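A closer look at the structure
Take a look at the letters that make up each chain.
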Amino acid sequence: EEEEDERIYKRLKEIVATLPTIKGWSSNPMYQYQGFWYSSDLVGVGPLAVHDHFKAHTTDVLLAATPKSGTTWLKSLAFAVMNRKSHPSLDGRQHPLLKFNSHDLVPTLELRLYNNNHNGDRIPNLDILLSPRLLATHMPYTSLPQSVTHSGCRIIYICRNINDTLVSYWHFFNRVRSKNNSSMGPITLEETFEWFCEGKSEYGPLWDQALGYWKGSLDRPQNVLFLKYDDLQEEPVLHLKRMAEFMGCPFSSMEEKEGMVDQIIKLCSFENLSNLAVNKTATNHLGVTYDAYFRQGKVGDSMSYLTSEMMEELHHITEQKLHGSGLTL
Ligand code: A3P
């Protein structure tokens, strides 16, 4: 089996070597797979391995996100909702979210599990995980394996207003870049802006990624729940309840009366999570301290960074790209 996995990864690396590439934010180029851009530094050949080898189960809940749009938050909320029966005392010291970052509790398929930079060229055996499995991805809807649609598993997708996503992206990838290769200076906001607008961001073009899930949510509303970071900030109770219902574990009236919804929101709040020791000091598989995932956590922070011309241009591109879809970003 080991040899078979090595053969599979060898073949995927050969395929990646034939794909179009561009210079990205790290020292290695980004490659284009099925219309989207990926850094090999970040994912290796993970997206291809997920596409070819991940087998979804009917009971899976897959958390999908545009990078920097609230993945860490969504993972925390979904984990807390799904596991509330086994960890009912949310404010006690025992809750896993108080000891582990949500990225360690809800692994991302192509970044961790199928990424050959980390898995020693072994296809992970995810069948051993208990059902329902809670997994995550940043891959576009259109690149997910057929078993995702065929199994009828559930997907919760999150995106965020484009200005804040871009600024968050800029801060974050400068952190990763300084960690990975200290000889490379920081990337300017202008440079990031240009790549972003051209669709050459990690898992970009962002608009296409969001549109894929948007269409999925319209075609298959029972299977794809489309959320926005900004809405979650504004009405957390409403959206957490929607999430729980969608996941097949709605809050009972008893739970609501006992304040379970508010407790989960509080447990997963930026203030709470960002102040935990684990999120201040522990590092992830990229060697980046988890505090990089908790910067401001505010809506509209990009106003302090982007010029009005930049916002104008982003707005213009967004309008063009999403025209007629009913989606706004
Ligand atoms: P900012 O950089 O604007 O602060 P991702 O998790 O997809 O990488 O997204 C990171 C963004 O989500 C960061 O945005 C981060 O601060 C914010 N974030 C992380 N945890 C959060 C939480 N519990 N509540 C609200 N926002 C959170």
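What counts and what doesn't
Residues numbered from 1 in each chain as written. Predicted model: local features only at pLDDT ≥ 70, side-chain atom pairs only at ≥ 80, totals over all residues. Heavy atoms only, no water. Helix = DSSP H or I, 4+ residues; strand = E, 2+ residues; numbered from the N terminus. Buried < 20%, exposed > 50% of the residue type's maximum accessible area, 1.4 Å probe, protein only. Contact = heavy atoms within 4.5 Å. Areas by Shrake-Rupley, 256 points an atom, 1.4 Å probe, with all protein chains shown as cover. Pairing = 2+ DSSP bridges. Axes fitted to C-alpha atoms, helices over the stretch in contact; angles between N-to-C directions. Salt bridge = Lys/Arg side-chain N within 4 Å of Asp/Glu carboxyl O. Near = heavy atom within 4 Å. Polar contact = N/O pair within 3.5 Å; in protein donor to acceptor, adjacent residues only side chain to side chain. Nonpolar A, V, L, I, M, F, W, Y, C, P; charged D, E, K, R; others polar.

1. Section: the overall build of the protein
From N to C terminus, the protein includes 18 helices and 7 strands. C-alpha extents for the protein along the principal axes are approximately 55 × 55 × 45 Å. Out of the 329 residues belonging to the protein, those deemed buried represent 57%. Counting contacts in the protein only where the partners sit at least 6 residues apart, residues at least 24 apart contribute 73% of the total. Surface summary for the protein: the accessible area is close to 15,000 Å², and the carbon and sulfur share equals 51%.

2. Points about the sheet that holds strand β6 (residues 154-159)
Overall, parallel pairing links the 4 strands, which are arranged β5-β4-β6-β7 in an open sheet. The outermost strands of the open sheet, each flanked by one partner alone, are β5 (134-137) and β7 (224-228). Averaged over all pairs of adjacent strands, the angle between strand axes in this sheet comes to 20 degrees, irrespective of strand direction. The strands touched by helix α11 (residues 206-219) are β4 (61-65), β5, β6 and β7; relative to β7, the strand with the most contacts, the crossing angle is about 130 degrees.

3. Structural notes on the pattern of salt bridges
A complete count under the given rule lists 17 salt bridges for this structure. For the salt bridge of Glu 14 with Lys 10, the shortest nitrogen-to-oxygen distance reads 3.4 Å. Taken together, the positions of Glu 14 and Lys 10, both in helix α1 (residues 2-17) and 4 residues apart, correspond to about one turn of that helix. Residue Glu 14 is classed as partly exposed on the basis of its relative accessible area of 39%. Here Asp 208 ties to Lys 321 by a salt bridge, and the two come within 3.9 Å at their closest N and O atoms. Here Asp 208 is found in helix α11, whereas its partner Lys 321 is found in helix α18 (residues 308-322), with 113 residues between them in sequence. Through salt bridges with shared partners, a single ionic network connects Glu 2, Asp 5 and Arg 122.

4. Description of the site of the ligand
Neighbouring the ligand are 18 residues; Lys 68, Thr 71, Thr 72, Ser 168 and Gln 296 lie closest to it. In this structure, a nitrogen atom belonging to the ligand sits 2.9 Å away from a main-chain N or O atom of Cys 268. When contributions to the shell around the ligand are tallied by element, the ones reaching two or more residues are α4 (71-82) and α12 (229-234). With 3 residues, the single largest contributor to the shell around the ligand is α4. A class-by-class count of the residues in the shell around the ligand yields 6 nonpolar, 9 polar and 3 charged.

5. Topic: the pairing of β7
Burial runs high along β7: 5 of the 5 residues are buried. Note that β6 and β7 share 5 bridges and pair parallel. Across the sheet, the residue bridging to Tyr 157 is Phe 226, located in β7.

Everything listed is a geometric property; what it means functionally is a separate question.
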